[in-house]
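Each chain is listed here by its residues.
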Amino acid sequence: MSNRGQTGGNAREMAEDGARSAARGAQRAARSRPARMLARAGFVFVGVVHALIAWLAAQIAIGAGSGHADQSGAIGQLAGAPGGPFLLWAAAVCCGALAVWMALDAVARWRRYGKPTKALGPAGTAVAYLALTWLLISFAIGNQENSGQQSQETTAKLLTAPFGFALLIVVGLAVLGVGVYFGYTGITRSFLGKDAQPGETAPAWVRAVGTVGYTAKGVAVAVLGILILVATIRHDPSQQSGLDGALKGLAAQPFGDWILGAVAVGLFCYGVYSAARAKYGDFAR
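Residues numbered from 1 in each chain as written. Predicted model: local features only at pLDDT ≥ 70, side-chain atom pairs only at ≥ 80, totals over all residues. Heavy atoms only, no water.

> Please set out the overall build of the chain residue by residue, giving values where relevant.
Within the chain one finds ten helices and zero strands. In sequence order, the chain lays out its α and β elements as α-α-α-α-α-α-α-α-α-α. Taking all 285 residues of the chain together, the buried fraction comes to 42%. Long-range contacts, defined as pairs at least 24 residues apart, comprise 73% of the intrachain contacts of the chain with a sequence gap of at least 6. Total accessible area on the chain stands at roughly 14,400 Å², and carbon and sulfur atoms take up 66% of it. (Helix = DSSP H or I, 4+ residues; strand = E, 2+ residues; numbered from the N terminus. Buried < 20%, exposed > 50% of the residue type's maximum accessible area, 1.4 Å probe, protein only. Contact = heavy atoms within 4.5 Å. Areas by Shrake-Rupley, 256 points an atom, 1.4 Å probe, with all protein chains shown as cover.)

This is the structure we're talking about:
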């Protein structure tokens, strides 16, 4: 073998050794006690946010409220509570730690199974929790623009950008797919035992609220995906107002108040389940 070939082979071996070392370090970090404690606290705050969204949606369903039934509305409720700034920063730290933990778990799973597809679940969850962390920080520093308005502004900008139409179609289909996946996961209970989820040995009430919660969240996310597609096809950003618009869109349908009420109960169940993951989730793998 030529010197050039030997050099290339050594470089590849060094790169592979470095990747394996980094993956092992990520796995050790994810399993450390401080990381697991912060991740558990993060799940509690995620549960609180979903419970508040459910409460806001229920208020709209019974005609007693007109607020924003989305993450910005829920975080606004936290901001207005006694000790609001402290709660926002505590939630941001814990949710940020949860996002990092999920990212480390994704790296560890990739190493363990040797397939990047095994890391998609925790990686996608890490992105979602990172977005929630950013929203919490925004409210903590006084930027309280609601999510629906931001969604409309983003949609309007993309509709005027090159390839923006195609990108929005892809995003809408992806969000719709995520909603269908959530619903399917809830109905089949295939969420159990995955990505720091409780297993089949968890108490029956935990499995029950998880089933209802995942199914209800699937409905809400699927409707959001449909709204993105409608807004894109009609070139009308006002049709796309985020989760708040999706839930209020349900209320506008025949028997919509009942449908929205049922989804609100389901989202509350998802919040309870998320908080329950702090105790019953498997963080040791």
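> So what's going on with the packing of aromatic side chains? Which residues, and what values?
For the structure on display, the rule yields eight aromatic pairs. Plain terms: the ring middles of F43 and Y129 are 6.1 Å apart, the flat faces sit at 85 degrees to each other, and that makes the pair edge-to-face. One end of the pair, F43, is in helix α2 (residues 33-61); the other, Y129, is in helix α5 (residues 120-140), with 86 residues separating them in the sequence. Taken as a pair, F43 and Y129 share a single burial class, namely buried. Connected via pairs of aromatic rings, a cluster forms that spans F182, F191, Y214, Y270 and Y273. (Phe/Tyr/Trp six-rings, centres within 6.5 Å; stacked < 30°, edge-to-face > 60°.)

> Give me the nonpolar core: which residues, what numbers.
I75, L98, M102, Y129, L136 and L247 are the most contacted members of the largest nonpolar core, which totals 48 residues. Mapped onto this core, the elements with two or more residues apiece are α2, α3 (71-80), α4 (84-113), α5, α8 (204-233), α9 (242-251) and α10 (256-280). Take this core: its biggest share by element is 13 residues, from α2. If we skip the residues at most four places from it in the chain, Y129 touches F43, V46, C95, L98, A99, M102 and R277. (Core = buried A, V, L, I, M, F, W, Y, C linked by side-chain atoms within 4.5 Å.)

> How would you summarise the side chain of T133 if you had to cite specific residues and measurements?
Assignment of secondary structure puts T133 in helix α5. Among the polar contacts listed, one links the side chain of T133 to the backbone oxygen of C95, at a separation of 3.5 Å. Not counting residues up to four positions away in its chain, the partners in contact with T133 are A92, C95 and G96. (Polar contact = N/O pair within 3.5 Å; in protein donor to acceptor, adjacent residues only side chain to side chain.)

> Provide a residue-level description of the side chain of T185, including the pertinent values.
Position of T185 relative to the elements: it lies in helix α7 (residues 164-188). Under the relative-accessibility criterion, T185 is labelled buried at 2%.

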